[in-house]
Amino acid sequence: MSQRRTVRSRLERVAREIAKFGAVGAIGFVVNFIVFNICVHGFHLAVVRSGVIATAVAIATNYVGNRYWTYRDCDRSRRSREMSLFLLFSGAGLIIENGILALSHYGFGLTSPLADNIAKNVIGLGIGTVFRFWSYRTWVFRAQAVETAESFLAADAEARVDARK
């Protein structure tokens, strides 16, 4: 019974983490969408340039949300390492997101505002978000994931000892 509670507890923690990450991401999506469309339609910048600017602004917004809310319990002593890894993986996500936009716009010739928004803000951002969640959880804000795994293993070992009694 204890082992089942431990698994459930761990799944609940991961679900809360995903929900917080999603809420921060939703705010980042709105920022990304607005900045992208202002750059393209207001300032008449090139589509991919606008995408990169919008993604960079959203990355800054998401860092603040993830650092101070989603992963606020993580180790803060290695802030420069965390920031470097965050920027590295966010940059990879930026390339994924805007690479899909470039492929759609320039490669396939889908140049309407709707096509650009779907390529960047639905397909590109969707794939980029999955990549970012995995990389942030695995590499950037690692202390929480490591602590969660350690507490899970400790509870599992305790349950095994209790079962033997």
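Values in this document were obtained by computation on a predicted structure and should not be read as measured data.

Turning to the side chain of Ser50, a few remarks are in order. Here Ser50 shows up in helix H2 (residues 47–70). By relative accessible area, which is 0% here, Ser50 ends up buried. Each residue touching Ser50, except ones within four places of it in the same chain, is listed here: Phe36, Cys39, Val40 and Leu45.

This next bit is on the environment of Ile38. Mapped onto the fold, Ile38 is located in helix H1 (residues 2–42). The class for Ile38 is partly exposed, based on a relative accessible area of 44%. Remark: the alpha-carbon pair of Ile38 and Ser50, spanning 12 residues in sequence, is separated by 8.4 Å.

On to the packing of H2 against helix H3 (residues 79–107), then. Where H2 meets H3, the axes come as close as 9 Å, and the angle between the chain directions of the two elements is 145 degrees. H2 and H3 meet at a crossing whose hand is right-handed. Residues Val47, Val48, Gly51, Val52, Thr55, Ala56, Ile59, Asn62, Tyr63, Arg67 and Tyr68 of H2 form the contact with H3, whose participating residues are Arg79, Glu82, Met83, Phe86, Ser90, Leu94, Glu97, Asn98, Leu101, Ala102, His105 and Tyr106. Residue composition of the contact of H2 with H3, by class: 13 nonpolar, 6 polar and 4 charged.

What follows covers the nonpolar core. In this structure, Phe21, Tyr71, Phe86, Phe89, Tyr136, Val140 and Phe141 are the most contacted members of the largest nonpolar core, which totals 13 residues. Every element with two or more residues in this core is listed here: H2, H3 and helix H4 (113–140). In contact with Phe141, other than residues within four places in its own chain, are Tyr63, Asn66, Arg67, Tyr71, Cys74, Glu82, Phe86 and Tyr136.

Once that is clear, we can look at the pattern of salt bridges. Applying the stated criterion across every chain, the model contains 5 salt bridges. Of the charged contacts in the structure, one is a salt bridge between Arg8 and Glu12, with a shortest N-O distance of 3.3 Å. Highlighted residues: Arg8 and Glu12, both in helix H1, separated by 4 residues, approximately one helical turn. What makes Glu12 partly exposed here is its relative accessible area of 38%. The salt bridge involving Glu97 is made with Arg132; its shortest N-O contact spans 3.4 Å. One end of the pair, Glu97, is in helix H3; the other, Arg132, is in helix H4, and 35 residues separate them in sequence.

The next thing to look at is the UniProt feature "transmembrane region" (unreviewed entry) in the protein. Sequence positions flagged by UniProt for "transmembrane region" (unreviewed entry) are, in local numbering, residues 21–40, 46–64, 85–106 and 118–134. When the span residues 46–64 is considered, its composition is 95% helix and 0% strand, and the gap between its end C-alpha atoms is 28 Å. Within residues 118–134, the helical portion is 100% and the strand portion 0%, while the C-alpha atoms at the span's ends are 23 Å from each other.

Here Ser90 lies in helix H3. Owing to a relative accessible area of 1%, Ser90 belongs among the buried residues under this scheme.

A few words on the packing of aromatic side chains. Here the structure, examined in full by the defined rule, presents 10 aromatic pairs. With a centroid separation of 4.8 Å and an interplanar angle of 70 degrees, the aromatic rings of Tyr63 and Phe86 are classed as edge-to-face. Remark: Phe86 occurs in helix H3 and Tyr63 occurs in helix H2; sequence separation between them is 23 residues. Looking at Tyr63, the relative accessible area reads 8%, which means it is buried. Ring pairs connect the aromatic residues Phe21, Tyr63, Tyr71, Phe86, Phe133, Tyr136 and Phe141, which therefore count as one cluster. Here the guanidinium or amino end of Lys120 rests over the ring plane of Phe36, the centre of that ring lying 5.7 Å away.

On to the packing of H1 against H2, then. Contact geometry for H1 and H2: axes closest at 8 Å, N-to-C directions at 150 degrees. Taken as axis vectors, H1 and H2 run roughly antiparallel relative to one another. Note that H1 runs across H2; the crossing there is right-handed. The class makeup of the residues in the contact of H1 with H2 is 15 nonpolar, 11 polar and 2 charged.

Scoring rules and cut-offs
Residues numbered from 1 in each chain as written. Predicted model: local features only at pLDDT ≥ 70, side-chain atom pairs only at ≥ 80, totals over all residues. Heavy atoms only, no water. Helix = DSSP H or I, 4+ residues; strand = E, 2+ residues; numbered from the N terminus. Buried < 20%, exposed > 50% of the residue type's maximum accessible area, 1.4 Å probe, protein only. Contact = heavy atoms within 4.5 Å. Axes fitted to C-alpha atoms, helices over the stretch in contact; angles between N-to-C directions. Left-handed = near helix turned anticlockwise from the far one by under 90°. Nonpolar A, V, L, I, M, F, W, Y, C, P; charged D, E, K, R; others polar. Core = buried A, V, L, I, M, F, W, Y, C linked by side-chain atoms within 4.5 Å. Salt bridge = Lys/Arg side-chain N within 4 Å of Asp/Glu carboxyl O. UniProt positions renumbered as here; feature names shortened; annotations may be inferred. Phe/Tyr/Trp six-rings, centres within 6.5 Å; stacked < 30°, edge-to-face > 60°. Lys NZ or Arg CZ within 6 Å of the ring centre and 35° of its normal. Parallel < 35°, antiparallel > 145°, perpendicular 65-115°, else oblique.

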